[in-house]
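Single-letter residue listing:
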There are 2 protein chains.
Amino acid sequence: MTDAGDADLRLVDMTLRDGMHAVDHQFTPDQMRDVARALNDAEMDVIEMSHGDGMGGSSINYGFAAASTGEYLDAVAPEVTESDLSVLMLPGIGTVEHIELAASKGADICRIATHVTEADISEEHFEYVVDHGMEAAGLLMLSHMAPPETVLEQAKLMEEYGAEAVYVMDSAGAMLPNDVEERVSLLSEELSIDVGFHAHNNLGLAIGNTLTALDAGAVTIDGCLRGLGAGSGNAQMEVLVGTLKKAGYDVNPDFFGVMDAAEDTLLPMLTEDTMPELDNDSLILGYAGVYSSFLRHTRRASERYGVDPREVLIELGEMEVVGGQEDLITDVASRLAEERGGDGAATAEGDD
Amino acid sequence: MTDAGDADLRLVDMTLRDGMHAVDHQFTPDQMRDVARALNDAEMDVIEMSHGDGMGGSSINYGFAAASTGEYLDAVAPEVTESDLSVLMLPGIGTVEHIELAASKGADICRIATHVTEADISEEHFEYVVDHGMEAAGLLMLSHMAPPETVLEQAKLMEEYGAEAVYVMDSAGAMLPNDVEERVSLLSEELSIDVGFHAHNNLGLAIGNTLTALDAGAVTIDGCLRGLGAGSGNAQMEVLVGTLKKAGYDVNPDFFGVMDAAEDTLLPMLTEDTMPELDNDSLILGYAGVYSSFLRHTRRASERYGVDPREVLIELGEMEVVGGQEDLITDVASRLAEERGGDGAATAEGDD
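An unreviewed UniProt entry annotates chain A as 4-hydroxy-2-oxohexanoate aldolase originating from Halobium palmae. Per UniProt, the comment on chain A under Sequence similarities (unreviewed entry) is "Belongs to the 4-hydroxy-2-oxovalerate aldolase family."

Right, here's the structure in full:
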């Protein structure tokens, strides 16, 4: 690890982590190495790598990756001489053994992510990361689902556990600029550690919201080359670097180097199917503020009850349904069908 | 023409006009009719149609369209019963005969576009549009190239000529939120007519900048289904409608209807090649603030002199070069090569 530069702003490239969602976690170790080398050459501040759902995510539930965490780390870590190397850990998916592994293979940072109201499950993981000599950071997922005061309270827990930075994550791409401003500015005022922001592009606001977050006091920002990432993707890193330079921000990464990493190194690894796009599915998820895993269940239930899946998703968003409550989807579809005339189920094509 | 709704905000869908650039002006009259019908059904406020460079654009210089202005109008106008139908006119490309034609075929609005410092060439066209009973609006292209005071002075000319609205056009997608805010707020304060905004997505800010424009007083906004449009495309209309609804704006078009127009009607007409994307070419054009027509010449000159075309484009942007000054491109490439060691020309592969 070497500090990649002097600018206060720290950019975290997650092409090899959140970007793994876009390729169904199928980057090979060789591909990861090539992308990491290009990013390191471009003096990216931080390079994050792991299964899209963090270390240990490779499973029937979250999708098997093309290689193990250890294999990926062996391929990538030796290339990362200028940047800091980060791994992701979701308590409940990754284990302390993964933290040990990452530390032993040379990771500099471990970022620990929890649902925005569940920071308390991460205490032990933070301790373990700090004990293993890594920098710890906390990510509050689906931060749009909690009011700013709750986000702050949860961020304070992470700070107390040892986080050196806490990120407001707009995991569903559901935040409007005002939502970002309220959360990031409150955390910036009240925490003594760095505040970060992580955007998704479901409402077309990944770059716009990132600028808003920086105005509000964020000093560390997530993005992916070519706008890779789950769903409609994250803030497009090469665009972010160019836009920030144009706006007068002092950024460490080399603009042309990051552009080259995006188009010369990464792009040939992608297919049309793996390019994130802002389609109607992404849009309605961001509008409703629900996580992408609901989409498939909602489609099935909506077909059964003859209702528009978009209405079901919007209703689920208003109910603030979270992962694990998928059984509510059928209830909502059924209720909406009844409200629309009581015979919605007449169009049912059977329960599959 | 019928007023499509009561909301003060007026959305202008340009899928069949700026979107024509993305398909090399090859929408057929049947395709135009289908898209217009879907937009009309969704109660879009305004539907704009014509060659991408306005009526009369079909030519060897700007690219031949699949049909004539009259054929397109015959196909589209009968479908537009709820929305207002708009056509585009660039003085120097379109003629007064085109205005007569559009009026006779039922167009409600003619928007007249000039370079941001050349509003004075449009006086006669505005008069002609008003005389023919159409609503006239003015578009100031490449508005990032002039300071806010100049944009205002030019907008006032258009107001004087009879414009009922003037649009700040970020034709190169080069504006940061602050650039938008300064120009739109000044026009909103000083003009007695409506102020509009037209975004491109080269810096990933099409939707973000549009929200900024609305905050600053804009009341009419351009966009295209699926983010179609020249270069990296315009503000994606269905995303715009959803984001504005979510932000509490009162919009006339039906959100689901616009989504359906985008994905059920338009998308099957597009190929991967015609989908706008935010690639390195788009990004560097937005960063440099130069128009996309410079790209081809710059590539050729840069190859000849062995310099990075991105540096040439950035230099051209700083020189505020405009269309018609393409001969400067070679000078810049040659000068940059000299500055980088005097032997840049050694890598030349001949002047093609």
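Next, the rest of the story.
Asks: An account of the UniProt feature "domain: Pyruvate carboxyltransferase" (unreviewed entry) in chain A is needed here, citing residue identities and associated values.
Replies: Taking the numbering used here, the UniProt-annotated feature "domain: Pyruvate carboxyltransferase" (unreviewed entry) corresponds to residues 9-259 of chain A. Here residues 9-259 of chain A is 39% helix and 18% strand, with 19 Å between the C-alpha atoms at its ends.

Asks: Explain the pattern of salt bridges residue by residue, including any values.
Replies: Residue and element names in this part refer to chain A. The final tally for this structure, using the stated rule, is 38 salt bridges over all chains. A salt bridge links Asp74 to Lys105; its shortest N-O distance comes to 3.0 Å. Residue Asp74 is found in helix H3 (residues 69-76), and its partner Lys105 is found in helix H4 (residues 96-105); the two are separated by 31 residues along the sequence. Between Arg340 and Glu311 there is a salt bridge, and its shortest N-O distance comes to 2.2 Å. Here Arg340, found in the segment after helix H14 (327-339), pairs with Glu311, found in helix H13 (residues 309-318); they are 29 residues apart in sequence, far enough to count as distant. Judged by relative accessible area, which is 45%, Arg340 ranks as partly exposed. We classify Glu311 as partly exposed; its relative accessible area is 26%.

Asks: Give me the pairing of strand E2 (residues 46-49) of chain B: which residues, what numbers.
Replies: All names here are of chain B. What you see with E2 is no split at all: Val46 and Glu48 on one side and Ile47 and Met49 on the other are buried throughout. Sheet topology note: the strand E1 (residues 10-16)/E2 ladder contains 3 bridges and is parallel. Residue pairing for E2: Asp13 is matched across the bridge by Ile47. Examined bridge by bridge, E2 and strand E3 (residues 84-89) share 3 bridges and lie parallel to one another.

Asks: Outline the interface of chain B and chain A, supporting the account with residue identities and numerical values.
Replies: Every contact between the two is made by 38 residues of chain B and, on the other side, 38 residues of chain A. Taking both partners together, chain B and chain A bury about 3,200 Å²; carbon and sulfur atoms supply 64% of that area. Area buried by chain B at its contact with chain A is led by Lys246, Phe256 and Tyr287 of chain B, which between them contribute 21% of it. Where chain B packs against chain A, one counts 4 salt bridges. Residues Arg310 of chain B and Asp260 of chain A are paired through a salt bridge, measuring 3.0 Å at the closest nitrogen-oxygen approach. It is helix H9 (residues 237-246) of chain B that contributes the most residues to the side of chain B that touches chain A, 6 residues altogether.

Conventions we followed
- Residues numbered from 1 in each chain as written.
- Chains lettered and ligands numbered in written order.
- Predicted model: local features only at pLDDT ≥ 70, side-chain atom pairs only at ≥ 80, totals over all residues.
- Heavy atoms only, no water.
- UniProt positions renumbered as here; feature names shortened; annotations may be inferred.
- Helix = DSSP H or I, 4+ residues; strand = E, 2+ residues; numbered from the N terminus.
- Salt bridge = Lys/Arg side-chain N within 4 Å of Asp/Glu carboxyl O.
- Buried < 20%, exposed > 50% of the residue type's maximum accessible area, 1.4 Å probe, protein only.
- Pairing = 2+ DSSP bridges.
- Contact = heavy atoms within 4.5 Å.
- Buried area = accessible area lost by both parts, 1.4 Å probe.

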